[in-house]
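Okay, here's what each chain looks like letter by letter:
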Amino acid sequence: MEKQLEWTMHLDKSYYMNVYGDRVPVAFTHGKGIYLYSTEGRRYMDMLGGIAVNSVGHGNPRLVKAIAGQAKKMIHCSSLYYVPSQSELARTLAEKTFADRSFFCNSGAEANEAAIKLARAYFYKKGAPRAKIITALQSFHGRTLATVTATGQERFSKYFGPLPEGFVYVPYNDIEALKSAVDADTCAVMLELVQGESGVVPADPAYIKAARKICSEAGALLIFDEVQTGTGRTGTFFAYEQYEVTPDILTTAKGLAGGVPIGAMLATEDAAAAFEPGNHGTTFGGNPLASTAALAVIEEIEQKGLLKNARDIGSFLKKKLMQVQKKVGGVAEVRGMGLLIGIELSAPIAADVKQKLFDRGYLVGTCGDSVIRIAPPLIISKREAAAFASAFAEVMEVCNA
Ligand SMILES: *Cc1c(COP(=O)(O)O)cnc(C)c1O
């Protein structure tokens, strides 16, 4: 099967747009649980979960059955018609969260795009338009034109100007900076609760509480980008629950349908009312297949106690990794929430560590040069987590030698 990988790499290099550069030289044929199997017949423990997407693991029986069953009946019908699973999903999310209403799309960027539009519309409809949308430096909000602009890292937007106007950036976790940035022209403040792409940096609880207060006092909307932290990733259904602060608008995507593309924007009745017929829409968003998949994922999380598992295994794994920090060294910090964990290395050798883990059959991600990112399926067991920690210890020993 070596040939298949070579052929695929050749096709990719020849015909696919070169946006990913040299990928990890592997292709997978299938997965089961937290494992992926390569065309060469090797098994890898998937500690990245498709970047926090494979929430209930690969080949999850409940999810597979739901998708296959729905695909047989009907994959798609237009949102011109009522869609039972879409309405059920909206109700389920309303019951589980602060939100009253949902809108479904296909990705995190689209959910954020919708949130930006909704926030702007909110003030237009009040007859007092506000332009300013404040986001954090080092944030990541997506790849569309508005969301690369919202992203507080210039490298994502620098070739695409002119960019949409009105975006302002503040340092993350800096209450004073936020306070002085928010004014009477501020439409919304949009924040991640854990900055995922830039190194798994959680927000300080005091910062999020202050953000809520500052927004409320200025009459601005608070948007949480939970695209990555949603669907149980941090040990609660959404991370905001642990901050005891509710936003006006929340966006989510990645893990919500376990790998079937879906994005969601959730909002309070007050904020949601800014969208009226004709203001927004989508062809695919929340179609029968995607909505059914999301309902199955939520059911699986409930039936299997995966929120508790994410908390328990998350703290177990963090403890094990901190032991590596103490006993082996080479680790500056272990941080994160639940099963979204960043390991900051003491030296810029994340690529090397990732490669050495790969050689041993473990898949992880990196953020920049010195952070290892892990976001395994929420079904990971203690034994599997311990095996990963041992492999990581072994790799760090080699790197430190
Ligand atoms: C991944 C991510 C996005 C973008 O989601 P896509 O589905 O890739 O468009 C936006 N915000 C955050 C916090 C993310 O982690």
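Whatever comes next refers back to the structure up there.
In what follows, the accompanying structure is described. (Residues numbered from 1 in each chain as written. Predicted model: local features only at pLDDT ≥ 70, side-chain atom pairs only at ≥ 80, totals over all residues. Heavy atoms only, no water.)

### Quick word on the pattern of salt bridges
Considering all chains together, one arrives at 20 salt bridges under this definition. Here R101 makes a salt bridge to E269, at a shortest N to O gap of 2.8 Å. Taken together, the residues span a long stretch of sequence, with R101 in strand β4 (residues 101-105) and E269 in helix α10 (residues 269-272) at a distance of 168 residues. Taking the shortest distance from any N to any O, the salt bridge between K213 and E217 comes out at 3.4 Å. You can see K213 and its partner E217 sitting in helix α8 (residues 205-218), four residues apart, about one turn around the helix. One exposure class covers both K213 and E217, and it is exposed. (Salt bridge = Lys/Arg side-chain N within 4 Å of Asp/Glu carboxyl O. Helix = DSSP H or I, 4+ residues; strand = E, 2+ residues; numbered from the N terminus. Buried < 20%, exposed > 50% of the residue type's maximum accessible area, 1.4 Å probe, protein only.)

### As for the pairing of strand β17 (residues 371-374)
Every second residue of β17 is oriented toward a common face, with V371 and R373 on one face and I372 and I374 on the other, all of them buried. Note that strand β14 (residues 340-345) and β17 share four bridges and pair antiparallel. Opposite E344, over in β17, you have V371 as the bridge partner. Summarising the sheet, strand β16 (residues 365-367) and β17 pair through three bridges and their orientation is antiparallel. Paired with C367 across the two strands is V371, which belongs to β17. (Pairing = 2+ DSSP bridges.)

### Some points on the packing of aromatic side chains
On inspection of all chains with the given rule, the structure shows 12 aromatic pairs. The rings of F98, F237, F238 and Y240 are connected pair by pair, giving a single aromatic cluster. The ring of Y35 has R43 lying over it, and the distance from NZ or CZ to the ring centre is 3.8 Å. Directly above the aromatic system of F237 lies the positively charged group of K96, at a separation of 5.1 Å from the ring centroid. (Phe/Tyr/Trp six-rings, centres within 6.5 Å; stacked < 30°, edge-to-face > 60°. Lys NZ or Arg CZ within 6 Å of the ring centre and 35° of its normal.)

### Digging into the layout of surface pockets
What the second largest pocket holds in volume is close to 840 Å³. When contributions to the lining of the second largest pocket are tallied by element, the ones reaching two or more residues are α4 (84-96), β4 and β12 (263-267). Of all the elements, α4 adds the most residues to the lining of the second largest pocket, at five residues. Considered class by class, the residues forming the lining of the second largest pocket number 14 nonpolar, 10 polar and four charged. (1 Å grid on protein atoms, 1.4 Å probe; cavity = no way out; pocket = protein on both sides within 12 Å on 5 of 7 lines; lining within 4 Å. Points joined across faces, edges and corners; volume = space filled by probe spheres on them. Nonpolar A, V, L, I, M, F, W, Y, C, P; charged D, E, K, R; others polar.)

### Regarding the sheet that holds strand β2 (residues 35-38)
Pairing is mixed in the open sheet, where four strands are placed in the order β1-β2-β3-β15. Each end of this open sheet is capped by a strand with a single partner; those strands are β1 (28-32) and β15 (362-363). Two elements, β2 and strand β3 (residues 43-46), share three bridges in a ladder whose sense is antiparallel. Counted as the bridge partner of Y35 is M45 from β3.

### Overview of the environment of V328
Within the secondary structure, V328 sits in the loop between α12 (306-327) and β13 (331-337). Remark: the alpha-carbon pair of V328 and E397, spanning 69 residues in sequence, is separated by 6.1 Å. Leave out the neighbours within four places in its chain, and V328 touches Q323, A393, M396, E397 and N400. (Contact = heavy atoms within 4.5 Å.)

### Let's talk about the pairing of β2
Taken together, the four bridges between β1 and β2 define a ladder with antiparallel strand orientation. The partner of G31 across the bridge, within β2, is L36. Linking β1 to β2, which pair antiparallel, is a turn of two residues; within it G33 sits at a positive phi near 60 degrees. The turn joining β2 and β3, which pair antiparallel and follow one another in sequence, is formed by four residues; a positive phi near 80 degrees is taken by G41.

### Considering the site of the ligand
The environment of the ligand is made up of 13 residues, and the closest members are G108, A109, D225, Q228 and K254. In the model, an oxygen atom of the ligand is placed 2.8 Å from a nitrogen or oxygen of the A109 main chain. Interatomic distance of 2.8 Å between a side-chain N/O atom of Q228 and an oxygen atom of the ligand. Burial of the ligand by the protein amounts to 83% of the accessible area it has alone, namely 390 Å². In terms of residue count, the dominant contributor to the shell around the ligand is helix α5 (residues 108-125) (three residues). (Near = heavy atom within 4 Å. Polar contact = N/O pair within 3.5 Å; in protein donor to acceptor, adjacent residues only side chain to side chain. Areas by Shrake-Rupley, 256 points an atom, 1.4 Å probe, with all protein chains shown as cover.)

### Side note on α5
Here α5 is 18 residues long and its end C-alpha atoms lie 25 Å apart, about the 26 Å a rise of 1.5 Å per residue gives. Among the residues of α5, G108, A109, A111, N112, A114, A115, I116, L118, A119, A121, Y122 and F123 are the ones counted as buried. One side-chain oxygen of the residue at the start of α5 lies 3.2 Å from the amide nitrogen of E110, identifying that residue as S107. Positive phi shows up at G127, right after α5, with a value of about 80 degrees. (Expected span 1.5 Å × (residues − 1).)

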